Amino acid sequence: MPNQYQSVQKMENGPGQKRHRYIRKEGHCNVVFRHVPEEWLLFVTDIFTTLVEIRWRVMFLIFALSYILSWLFFGILFWVIALAHGDIQDLKNEPCVYEVRSFTAAFLFSLETQTTIGYGFRGMSENCMVAIIIVTIQDVISCFIDTFVIGIVVAKMASARKRAQTIGFSSCAVVNLRDGHLTLSWRVGDFRRNHLVEGTARAQIVRSTVYASGKLDVTYEDLLIQQSEIVLVTPITICHRIEQGSPLYRMSLADLRKSDFELVVSFTYTDDSTGMLHQTRTSYSPAEILWGQLFQEMIRVSRRHYRVDYNLFNQTAKVLVPEVSAEEYERKKLLQPSPRHSPRHSPRHSPRTSPGHSPRPSPRPSPRSPRSNQHLKPPTVTVELVNDTDTNVTSPREDQLKNKLTLPENPTKPEM
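First, a word on what this report is: a plain description of the structure on this page. (Residues numbered from 1 in each chain as written. Predicted model: local features only at pLDDT ≥ 70, side-chain atom pairs only at ≥ 80, totals over all residues. Heavy atoms only, no water.)

### Overview of the state of the cysteines
Right, on to step 1. Using the criterion set out here, one finds one disulfide in the structure.
Right, on to step 2. Shown here is the disulfide that connects Cys96 with Cys128, its sulfur atoms set 1.5 Å apart. Residue Cys96 is located in the loop between helix H4 (56-85) and strand S1 (97-98), and its partner Cys128 is located in the loop between strand S2 (123-124) and helix H6 (129-157); the two are separated by 32 residues in the primary sequence. The pair Cys96 / Cys128 is uniform in exposure class, with both members buried. (Disulfide = S-S within 2.5 Å. Helix = DSSP H or I, 4+ residues; strand = E, 2+ residues; numbered from the N terminus. Buried < 20%, exposed > 50% of the residue type's maximum accessible area, 1.4 Å probe, protein only.)

Below you can see the structure in the form of structure tokens.
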């Protein structure tokens, strides 16, 4: 079925068309929304999140306009009050606001009131209750604007996206042998010195299939990570064992080069400084998955501490890895005989005990073998005949009966 989808996709998009990333390398989603119903209303309803997500220059422009427009609005109100009370025409009239005889003076009074400058030249009088109410409303609105601006700036500076930029993934993923299994691995590291409280790594295979009718189907397949819970003190290599049940189990090197998928990896963690939850993500295309490569070691031990060399963060080295799929590699391992049961070491097929061969003689020489007689000389024993009656007196005849008894040269020959 995937081959059928692939042929439909080629017919629809063309054989040489470049595929777009679903997730960019910096972690942003490559998705654009069109014709969203009541889009502007959604932005206004969640104005706080909208202002946090906009660019800094747009935010400064909006905040500057909010202050200037509020000064101008209340300046117009004070000028209208001065016109209605006759402060501009009659200079001898008791004014509502002292020294406000023109629009410029009314604007300056509004600015001084909202920013609490207080030059001591213009001020309120007790003649107009309307002017007093307007000043009170302006002070309250000024407090709301200041609070909103400070909150947005702080939230934008402490944004999770800025902290996520200090967590980096390796520029490529590698496939190598680990503990006798094909393993897909990539690196993640924290470029700041402060450590993370806890982190969770996750990986997915994203496939997009385009049908002849124009329908786009996006599927997600989770990859099982051996050690998903991570404390990111030093850079760590995250591993996925390609075993039965993995989407990459039947994929060889040739299949990988022909595949059209995207490996999306993410790392969700909590910062110990702010206690905020962050997430960093990136993606790898099949061309960025290096088969038969191994990440170089970047941690060294000194006398007092561990040293991490980030110059080796993306460096890899070639290793010997079979170019077959994990399924075929496991099958070949099962067919290969174990050293314990090989004919060379098996006692059943040993030439010493096989039924068709006679047992090999022992290298130890037998004590009765003829070869041993060449080295063993027969001992000489002298036997003296003694009279039982008198042990002290001996005759000359008895002295002549003293003979020497020599053992035969062949001890195994029976006595005569």
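### Regarding helix H5 (residues 103-114)
Right, on to step 1. Taking 1.5 Å as the rise per residue, H5 with twelve residues should run 16 Å; its terminal C-alpha atoms sit 17 Å apart, in good agreement.
Right, on to step 2. Those residues of H5 that sit buried are Ala105, Ala106, Phe109, Ser110, Glu112, Thr113 and Gln114.
Right, on to step 3. Looking at the buried positions of H5, the neighbouring elements they touch are H4, S1, S2 and H6.
Right, on to step 4. A positive phi of about 55° marks Thr116, the residue just after H5. (Expected span 1.5 Å × (residues − 1). Contact = heavy atoms within 4.5 Å.)

### Digging into the packing of aromatic side chains
For any pair of aromatic rings, the description consists of the separation of the ring centres together with the inter-plane angle of the planes.
Right, on to step 1. Per the stated rule, a full pass over the model turns up ten aromatic pairs.
Right, on to step 2. Ring geometry for Tyr67 and Trp71: centres 6.2 Å apart, planes at 40°, overall tilted. Taken together, the residues span about one helical turn, with Tyr67 and Trp71 both in helix H4 at a distance of four residues.
Right, on to step 3. For Tyr67, a relative accessible area of 22% puts it in the partly exposed group.
Right, on to step 4. Owing to a relative accessible area of 17%, Trp71 belongs among the buried residues under this scheme.
Right, on to step 5. A ring pair is formed by Phe191 and Tyr310, whose centres lie 5.2 Å apart and whose planes are at 75°; its orientation type is edge-to-face. Here Tyr310 lies in the loop between strand S15 (306-308) and strand S16 (316-318) and Phe191 lies in the loop between strand S5 (181-190) and strand S6 (196-210), a separation of 119 residues in the sequence.
Right, on to step 6. Relative accessible area serves as the criterion here: at 47%, Phe191 is assigned to the partly exposed category.
Right, on to step 7. With relative accessibility at 31%, the residue Tyr310 sits in the partly exposed group.
Right, on to step 8. An aromatic cluster is present here, built from Phe191, Tyr310 and Phe313 joined pairwise through their rings.
Right, on to step 9. The ring of Trp56 has Lys156 sitting right over it, with the charged end atom 5.4 Å from the ring centre. (Phe/Tyr/Trp six-rings, centres within 6.5 Å; stacked < 30°, edge-to-face > 60°. Lys NZ or Arg CZ within 6 Å of the ring centre and 35° of its normal.)

### Quick look at the pairing of strand S11 (residues 277-284)
Right, on to step 1. In the sheet, strand S10 (residues 262-271) pairs with S11 via eight bridges, with the strands oriented antiparallel. For Phe267, the partnering residue across the bridge sits in S11 and is Thr280.
Right, on to step 2. Once S10 ends, the chain turns through five residues before running back antiparallel as S11, passing Gly275 with a positive phi of about 75°. (Pairing = 2+ DSSP bridges.)

### Some remarks on unusual backbone geometry
Right, on to step 1. A positive phi angle is found at Glu99, which is not glycine, with a value near 60°.
Right, on to step 2. Relative to the elements of secondary structure, Glu99 occurs in the loop between S1 and H5.
Right, on to step 3. Even without glycine at this site, Asp179 takes up a positive phi of about 60°.
Right, on to step 4. For Asp179, the position within the fold is in the loop between strand S4 (173-178) and S5.
Right, on to step 5. Residue classification places Asp179 among the exposed positions, given a relative accessible area of 64%.

### Observations concerning the side chain of Ser246
Right, on to step 1. Mapping Ser246 onto the fold places it in the loop between strand S9 (236-241) and helix H8 (253-258).
Right, on to step 2. Among the residues examined, Ser246 registers a relative accessible area of 12% and is labelled buried.
Right, on to step 3. A polar contact of 2.8 Å, which involves the side chain of Ser246, links it to the side chain of His240.
Right, on to step 4. Ignoring anything within four residues of it in the chain, the contact list for Ser246 reads Leu223, His240 and Arg241. (Polar contact = N/O pair within 3.5 Å; in protein donor to acceptor, adjacent residues only side chain to side chain.)

### Points about the environment of Lys215
Right, on to step 1. For Lys215, the location among the structural elements is in the loop between S6 and strand S7 (216-222).
Right, on to step 2. Residue classification places Lys215 among the exposed residues on the basis of a relative accessible area of 51%.
Right, on to step 3. Beyond its immediate stretch of four places on either side in the chain, Lys215 contacts Thr209 and Val210.

### Quick notes on the pattern of salt bridges
Right, on to step 1. Tallying each qualifying case throughout the model produces nine salt bridges.
Right, on to step 2. The closest approach of N and O atoms between Glu112 and Arg122, which form a salt bridge, is 3.4 Å. Of this pair, Glu112 sits in helix H5 while Arg122 sits in the loop between H5 and S2, placing them ten residues apart in sequence.
Right, on to step 3. Taking the shortest distance from any N to any O, the salt bridge between Glu221 and Arg207 comes out at 3.2 Å. Here Glu221, found in strand S7, pairs with Arg207, found in strand S6; they are 14 residues apart in sequence, far enough to count as distant.
Right, on to step 4. Here the salt bridges share partners, and the residues they tie into one network are Arg21, Lys25 and Glu288. (Salt bridge = Lys/Arg side-chain N within 4 Å of Asp/Glu carboxyl O.)

### What about the nonpolar core?
Right, on to step 1. Leu184, Trp186, Leu263, Phe267, Tyr284 and Ile289 are the most contacted members of the largest nonpolar core, which has 32 residues in total.
Right, on to step 2. Looking at this core, the elements with two or more residues in it are strand S3 (167-169), S4, S5, S6, H8, S10 and strand S12 (289-291).
Right, on to step 3. Grouped together as the second largest cluster of nonpolar side chains are 13 residues, Cys96, Val100, Ile134 and Val135 included. (Core = buried A, V, L, I, M, F, W, Y, C linked by side-chain atoms within 4.5 Å.)

### Structural notes on a nonpolar patch on the surface
Right, on to step 1. Taken together, the side chains of Leu61, Leu65, Leu69, Leu72, Ile76, Trp79, Val80, Leu83 and Phe103 make up a nonpolar region of the molecular surface, amounting to roughly 750 Å² of accessible area.
Right, on to step 2. Considering each element in turn, the nonpolar patch owes the most residues, eight residues, to H4.
Right, on to step 3. With respect to the secondary-structure elements, Val80 resides in helix H4. (Patch = residues over 30% accessible without salt bridge, like charges linked within 9 Å, V, L, I, M, F, W, Y side chains within 5 Å. Areas by Shrake-Rupley, 256 points an atom, 1.4 Å probe, with all protein chains shown as cover.)

### Concerning the packing of H4 against H5
Packed helices, taken two at a time, are described by the angle between their axes plus the distance between the axes.
Right, on to step 1. Two elements in contact, H4 and H5, have axes whose closest approach is 8 Å; the angle formed by their N-to-C orientations is 125°. Taken together, the axis directions place H4 and H5 in an arrangement best described as oblique. Considering how the two elements wind past one another, H4 and H5 form a crossing that is right-handed. Side by side, H4 and H5 meet where Tyr67, Ser70, Trp71, Leu72, Phe74, Gly75, Ile76, Phe78 and Trp79 of the first sit next to Phe103, Ala106, Phe107, Phe109, Ser110, Leu111 and Gln114 of the second.
Right, on to step 2. Looking at the contact of H4 with H5, its residues break down into twelve nonpolar, four polar and no charged. (Axes fitted to C-alpha atoms, helices over the stretch in contact; angles between N-to-C directions. Parallel < 35°, antiparallel > 145°, perpendicular 65-115°, else oblique. Left-handed = near helix turned anticlockwise from the far one by under 90°. Nonpolar A, V, L, I, M, F, W, Y, C, P; charged D, E, K, R; others polar.)

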